[in-house]
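# Analysis of the macromolecular model
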2 protein chains.
Amino acid sequence: MKLSLIFVEVLSAAEENYLKAILKLELEHKVSVPTGALAHAFGIQAPSVTDMVKKLALKKLLKYEKSKGVRLTDKGKKLAIAIIRKHRIWETFLVQTLEFGWEEVHELAEQLEHVHSEKLIDKLEAFLGFPRFDPHGDPIPDKKGTIVSAKAIVLGAAKVGGNYKVIGISDDSTELLHYLNKLHVKLGTKLLLQSREAFDGSLVIKIGSRGTESISAIVANSLLVVED
Amino acid sequence: MKLSLIFVEVLSAAEENYLKAILKLELEHKVSVPTGALAHAFGIQAPSVTDMVKKLALKKLLKYEKSKGVRLTDKGKKLAIAIIRKHRIWETFLVQTLEFGWEEVHELAEQLEHVHSEKLIDKLEAFLGFPRFDPHGDPIPDKKGTIVSAKAIVLGAAKVGGNYKVIGISDDSTELLHYLNKLHVKLGTKLLLQSREAFDGSLVIKIGSRGTESISAIVANSLLVVED
DNA sequence: CCATTTTTTTAGGCGTGTCTAATTTTTTTA
DNA sequence: TAAAAAAATTAGACACGCCTAAAAAAATGG
Ligand SMILES: [Mn+2]
Ligand SMILES: [Mn+2]
Ligand SMILES: [Mn+2]
Ligand SMILES: [Mn+2]
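Bear in mind the structure is a predicted one, so any value in this text is a computation, not a measurement. (Residues numbered from 1 in each chain as written. Chains lettered and ligands numbered in written order. Predicted model: local features only at pLDDT ≥ 70, side-chain atom pairs only at ≥ 80, totals over all residues. Heavy atoms only, no water.)

Glancing now at the overall build of chain A. What chain A contains, in helices and strands, is eight helices and eight strands. Along the longest, intermediate and shortest principal axes, the C-alpha atoms of chain A span 70 × 45 × 25 Å. Per-residue burial over chain A gives 41% buried out of 228 residues. For chain A, contacts bridging at least 24 residues in sequence account for 63% of all contacts bridging at least 6. (Helix = DSSP H or I, 4+ residues; strand = E, 2+ residues; numbered from the N terminus. Buried < 20%, exposed > 50% of the residue type's maximum accessible area, 1.4 Å probe, protein only. Contact = heavy atoms within 4.5 Å.)

Residue and element names in this part refer to chain B. Taken together, six strands build an open sheet; the order of strands is β3-β8-β4-β5-β6-β7 and the sheet is antiparallel. Looking at which strands have only one partner, the edges of the open sheet turn out to be β3 (153-154) and β7 (212-215). With five bridges connecting them, strand β5 (residues 190-196) and strand β6 (residues 203-207) associate as antiparallel partners. Opposite S195, over in β6, you have V204 as the bridge partner. (Pairing = 2+ DSSP bridges.)

What follows covers unusual backbone geometry. Residue and element names in this part refer to chain B. Even without glycine at this site, K30 takes up a positive phi of about 55°. Tracing the backbone shows K30 in the loop between α1 (13-29) and α2 (35-42). Phi at S67 takes a positive value of approximately 65°, unusual for a residue other than glycine. Positionally, S67 belongs in the loop between β1 (62-65) and β2 (69-72).

A:W90, A:L120, B:W90 and B:L120 are the most contacted members of the largest nonpolar core, which totals 32 residues. For this core, the secondary-structure elements that each account for two or more residues are α4 (74-96), α5 (105-112) and α6 (118-127) of chain A together with α4 (74-96), α5 (105-112) and α6 (118-127) of chain B. (Core = buried A, V, L, I, M, F, W, Y, C linked by side-chain atoms within 4.5 Å.)

So, about the interface of chain B and chain A. Where interface size is quoted, it is often the accessible area lost as the parts come together. With 20 residues of chain B in contact, the opposing surface of chain A contributes 20 residues. Summed over both partners, the interface of chain B with chain A buries about 1,600 Å², with 72% contributed by carbon and sulfur atoms. Per-residue buried area on chain B facing chain A is highest for B:L98, B:Q111 and B:K123; these three make up 29% of the total on that side. Counting across the interface, chain B meets chain A through two salt bridges. When the shortest N-O distance is used, the salt bridge between A:E104 and B:K119 registers 2.5 Å. The interface formed by chain B and chain A holds eight residue pairs in polar contact (both at pLDDT 80 or more) in total. The greatest single-element share of the side of chain B that touches chain A, amounting to five residues, is contributed by α6(B). By residue class, the composition of the side of chain B that touches chain A is 11 nonpolar, five polar and four charged. (Buried area = accessible area lost by both parts, 1.4 Å probe. Salt bridge = Lys/Arg side-chain N within 4 Å of Asp/Glu carboxyl O. Polar contact = N/O pair within 3.5 Å; in protein donor to acceptor, adjacent residues only side chain to side chain. Nonpolar A, V, L, I, M, F, W, Y, C, P; charged D, E, K, R; others polar.)

Now the structure itself:
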């Protein structure tokens, strides 16, 4: 009798973080990702990235052309999406079940996403009722890796006088989320864009039934909204 | 103004596993733990242990006397208990909330116990309703590190003719727990000890309202019971 | 109590994932 | 298009957590 050996290639947390970061940069810039962009994303030095991408290339998780950057292979992309799925399911669990604030969960999910158990994630997902979006409005990939793409625009690109609804935050930083808490902006909040300052792109907005506030272009560009 | 820098010493998973293993061996043998015992516990070579205990000694987590073994300091013991607390709370969550089998959760908890977040564990504990025992009957230390000590005996040392109730399993191995599932033995199951074979210490027991079964001394010694 | 066995330590090495310094390649721009 | 600037790579190093081989220390036992 012939036993078929199953190779379960287990990636380290570092390797998984690279795959996630590369996918994110690919989606943002739709081109191959320069090693320098990864160094910047992780706050590490460029040679460290060169070493790692060589290793990931050997594992067929990405294609690396010297001095030209990297692109995920199908295998690498599939794994990257699986990790994002884990991250977002954990974030949803932390906010929905354990009542963490949305600004607290990203760092924790960075750890939890590296726990190796497909079954755990599937059970969590079922326990949560198969949520489609995480606490920041980001879509949760399904088990097959399908991601619903939000047709949102960033508030920074919205038109003055328009009414919008916040459906996502394109930046998980604790600081931004804390600031949004202060402004009483959360998922579902209605915004009226009253004016845009040409000089710096800052906006004056009316937040729900509250007063008006001025927000910087940086904040405006991380608020994902739909017309309302 | 003088700021007091707070050093949050973050231990690696390996370091945490050493602390846990040392505490377990200390409790079992009530003496200092030889490096060889740790090598055996982890299935690694003795020189690896020597290296690690030197490092843990530098961090004041244990006392190491060359060729004489190690003992946890108060600091080390406190950390070890905190890790056991995490392990058992995660196991309880997995069984109670996500409906894993009790035989599936140990390995997963081995990963989850190394997620660094006091707040996460406290929230999980509250969500679970402050459980006092994990799915294998092991006591869950409270936030202060207090562990209720079970006054159980092992079935192997029980007296023939006695009625007992299973309150714990002193071995988390998947294989044993699977075997107990097959025997329909779980926490709370009533047992009647019918006879003991002098030759090998094996027992014949009546399991609840089911038939009688013969179990080996090895199994008998991992069943924690109280008189019933 | 000395010789043999067992346990532990020392010495040196390796893969991972990071670093700095120096060099090479690519891009920009004068 | 050639020089300068920017980006990337190579070279060499280091902490971590493990290894094997050899030496030393402790325990055993005749
Ligand atoms: Mn991560
Ligand atoms: Mn998120
Ligand atoms: Mn366990
Ligand atoms: Mn347990």
